[in-house]
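What follows is the residue order along each chain.
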Amino acid sequence: MSSVLLAEDEFLIRAVLVDALGDSGMTCIEAATGQAALDVLAGDTPLAAVIVDLGLPDMSGERVIEAAVRHRPGTPIIQCSGSHLRPPDVAGQKIHVFSKPYNAEELSRFVAALVRGAG
C-alpha cells in the first residue's frame, strides 16, 4: 500500500480525505501542522505523494512544498487552497493544484492516478 503525506490542519477535511485515500488503496500519514509535515519529509518513510494545504497554522504550505521538493524530488505534490494562488515556482518539479472546496473522492482518484504514473 502506498503512503501519502497529508498536511491539513482542519480535522474534518483530514478525516474525510483519509477515508477517501484509503478507499483508493493508499495509507495516509496525517500532519496537522507544517512542522509535523517537515518532520515526515525529513524522515525515511517512503512517500508516494504529498498533499499540502496552504493555510497551515504554524507556517505557509509553500514552505512545506519547498521542503517536499528538496527532500523528496520527483514525488508528486498536490497543493490545496481556498484561495486561487498559483503554485510555487519550483525548478524541475510540477506542483498540481486542487482548489477548495473539492470533492474528496475526486482528489483521491487524482492522487491514485499520479501515484500509478510515478510508480
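For the structure itself, consult the block above.
Every value quoted in this text rests on a predicted model; they were computed, and no experiment measured them.

Caption draft 1: Examining the pairing of strand S3 (residues 49-53) more closely. With five of five residues buried, S3 lies mostly within the body of the structure. Every second residue of S3 is oriented toward a common face, with Ala 49, Ile 51 and Asp 53 on one face and Val 50 and Val 52 on the other, all of them buried. With four bridges connecting them, S3 and strand S4 (residues 77-81) associate as parallel partners. Its bridge partner being in S4, Val 52 is matched across the sheet by Gln 79. Handedness of the crossover is the feature at issue here: the chain leaves S3, passes through helix H3 (residues 61-71), returns alongside S4, and the resulting connection is right-handed.

Caption draft 2: A look at helix H1 (residues 11-23). With 13 residues, H1 ought to run about 18 Å at 1.5 Å a step, and its terminal C-alpha atoms sit 18 Å apart, in line with that. Every buried residue of H1 is accounted for by Arg 14, Leu 17, Ala 20 and Leu 21. One side of H1 holds all its buried residues, which, seen down the axis, span an arc of 135 degrees. Seen from the buried face of H1, the exposed residues on the opposite side, beyond 90 degrees, are Phe 11, Leu 12, Asp 19 and Asp 23. Positive phi shows up at Gly 25, right after H1, with a value of about 90 degrees.

Caption draft 3: Quick peek at the pairing of strand S1 (residues 2-7). Counting buried positions over the six residues of S1 gives five, a clear majority of the element. Pairing geometry for S1 and strand S2 (residues 26-31), over six bridges, is parallel. The residue of S2 that forms the bridge with Ser 3 is Thr 27. Taken together, S1, H1 and S2 form a β-α-β motif whose crossover is right-handed.

Caption draft 4: Structural view of the environment of Leu 56. With respect to the element layout, Leu 56 can be found in the loop between S3 and H3. Counting along the chain gives 46 residues from Leu 56 to Glu 10, while the straight-line C-alpha distance between them is 8.8 Å. Leu 56 has contacts with Ala 7, Glu 8, Asp 9, Thr 33, Gly 34, Gly 61 and Val 64, leaving out every residue within four places of it along the chain.

Caption draft 5: Quick peek at the packing of aromatic side chains. Tallied over the entire structure, the rule returns two aromatic pairs. When the ring of Phe 98 is compared with that of Tyr 102, the centres are 6.2 Å apart and the planes differ by 85 degrees; the resulting orientation is edge-to-face. Of the two residues examined, Phe 98 and Tyr 102, each falls in the buried class. The interplanar angle of 50 degrees and the centroid separation of 5.2 Å between the aromatic rings of Phe 98 and Phe 110 together place this pair among those described as tilted. Pair noted here: Phe 98 is in strand S5 (residues 95-99) and Phe 110 is in helix H4 (residues 104-118), with a separation of 12 residues, a long-range link. Taken together, the ring pairs connect Phe 98, Tyr 102 and Phe 110 into an aromatic cluster.

Basis of the calculations
Residues numbered from 1 in each chain as written. Predicted model: local features only at pLDDT ≥ 70, side-chain atom pairs only at ≥ 80, totals over all residues. Heavy atoms only, no water. Buried < 20%, exposed > 50% of the residue type's maximum accessible area, 1.4 Å probe, protein only. Helix = DSSP H or I, 4+ residues; strand = E, 2+ residues; numbered from the N terminus. Pairing = 2+ DSSP bridges. Right-handed = clockwise from strand over helix to strand, strands pointing away. Expected span 1.5 Å × (residues − 1). Arc of directions from axis to C-beta. Contact = heavy atoms within 4.5 Å. Phe/Tyr/Trp six-rings, centres within 6.5 Å; stacked < 30°, edge-to-face > 60°.

From the geometry alone we can't say anything about function, so treat these as descriptive.
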